[in-house]
Amino acid sequence: MANESVLLLNATYEPIGLISWKRAVTLVIIGKGELVEQHEDRVVRSAGGRSFPFPSVVRLVRYVRRARLDPARLAPNRRNLTARDRGLCQVKDCEAAGDTIDHLLPRSRGGVTSWENCVLMCNGHNTGKGNRTLTEAGFQLKRTPARPRRNETLAVALVRNEQWAQFAIG
């Protein structure tokens, strides 16, 4: 429950992004949001003894104009790399979960943390690659790593969650 994300919708039911469950409960309690979907088998209990449905999707009561997401400002962190790489190891013919972030040109050789130089790899492939390049390790990638397009990370999250898929646009 500590890391559970909740889908936040604008008043028009357009997906805005993911927020923490604590923020979602707060929005509902103060009247700025309304519960659209909930986890039927879970509740949030307050110190005062009240219980609230555990949110999955919350819609804002008032429409919020949003600035366009600038892909150039999207950081290549674990959450964003996991969304871009769909949580899978990026070594060709491997379907294991991508547990680690690998720098294609190792940092010890001058590699930087960038969208083009980082991919998810399973522990086995990352350990096997070590401080070598892909060519030296004999690995090939499923696809060339690149900066994600606008809202690609949110779109991946919407498709992967059954309760959220109905809110995917397009």
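To be clear, the structure that these remarks concern was listed above.
Note that the structure is a prediction, hence the values are computed from the model and not measured. (Residues numbered from 1 in each chain as written. Predicted model: local features only at pLDDT ≥ 70, side-chain atom pairs only at ≥ 80, totals over all residues. Heavy atoms only, no water.)

### Quick word on the overall build of the chain
And then number 1: Helix and strand counts for the chain come out as 5 helices and 6 strands.
And then number 2: For the chain, the α and β elements follow one another from N to C terminus as β-β-α-β-β-α-β-β-α-α-α.
And then number 3: Counting over 170 residues, the chain shows a buried share of 40%.
And then number 4: Considering only residue pairs separated by 6 or more positions, the chain has 59% of its internal contacts joining residues 24 or more positions apart.
And then number 5: When the accessible surface of the chain is split by element, carbon and sulfur atoms take 50% of a total near 10300 Å². (Helix = DSSP H or I, 4+ residues; strand = E, 2+ residues; numbered from the N terminus. Buried < 20%, exposed > 50% of the residue type's maximum accessible area, 1.4 Å probe, protein only. Contact = heavy atoms within 4.5 Å. Areas by Shrake-Rupley, 256 points an atom, 1.4 Å probe, with all protein chains shown as cover.)

### Observations regarding unusual backbone geometry
And then number 1: For Arg86, which is not glycine, the phi dihedral falls at a positive 55°.
And then number 2: Here Arg86 is to be found in the loop between helix H2 (78-84) and strand E5 (100-103).
And then number 3: The phi torsion at Asp93 lies on the positive side, around 70°, for a residue other than glycine.
And then number 4: Judged by relative accessible area, Asp93 falls into the exposed class, the value being 73%.

### A short note on the pattern of salt bridges
And then number 1: Summed over all chains, the structure comprises 7 salt bridges.
And then number 2: Glu95 is paired through a salt bridge with Lys142; the nearest N and O atoms lie 4.0 Å apart. Of the two residues, Glu95 sits in the loop between H2 and E5 while Lys142 sits in the loop between helix H4 (134-137) and helix H5 (152-160), which places them 47 residues apart along the sequence.
And then number 3: Given the relative accessible area of 61%, Glu95 is considered exposed.
And then number 4: By relative accessible area, Lys142 is classed as partly exposed at 34%.
And then number 5: A salt bridge links Lys129 to Asp102; the shortest N-O distance between them is 3.2 Å. Pair noted here: Lys129 is in helix H3 (residues 123-129) and Asp102 is in strand E5, with a separation of 27 residues, a long-range link.
And then number 6: When salt bridges with common partners are traced through the structure, they connect Arg84, Asp85 and Arg143 into a single cluster. (Salt bridge = Lys/Arg side-chain N within 4 Å of Asp/Glu carboxyl O.)

### Comments concerning the sheet that holds strand E4 (residues 51-60)
And then number 1: The 4 strands lie next to each other as E2-E1-E4-E3, forming an open sheet whose pairing is mixed. The outermost strands of the open sheet, each flanked by one partner alone, are strand E2 (15-20) and strand E3 (33-45). Going across the sheet, the axis of each strand differs from the next one's by a mean of 35°, ignoring polarity.
And then number 2: Taken together, the 9 bridges between E3 and E4 define a ladder with antiparallel strand orientation. Looking at the pairing, Gly33 lines up with Leu60 of E4. (Pairing = 2+ DSSP bridges. Axes fitted to C-alpha atoms, helices over the stretch in contact; angles between N-to-C directions.)

### So, the state of the cysteines
And then number 1: Taken as a whole and judged by the stated rule, the model has 0 disulfides.
And then number 2: In this structure Cys89 is a free cysteine whose sulfur lies 3.8 Å from that of Cys94, the closest cysteine sulfur available.
And then number 3: When its relative accessible area of 0% is taken as the criterion, Cys89 is described as buried.
And then number 4: Cys94 gets classed as buried once you look at its relative accessible area, which sits at 9%. (Disulfide = S-S within 2.5 Å.)

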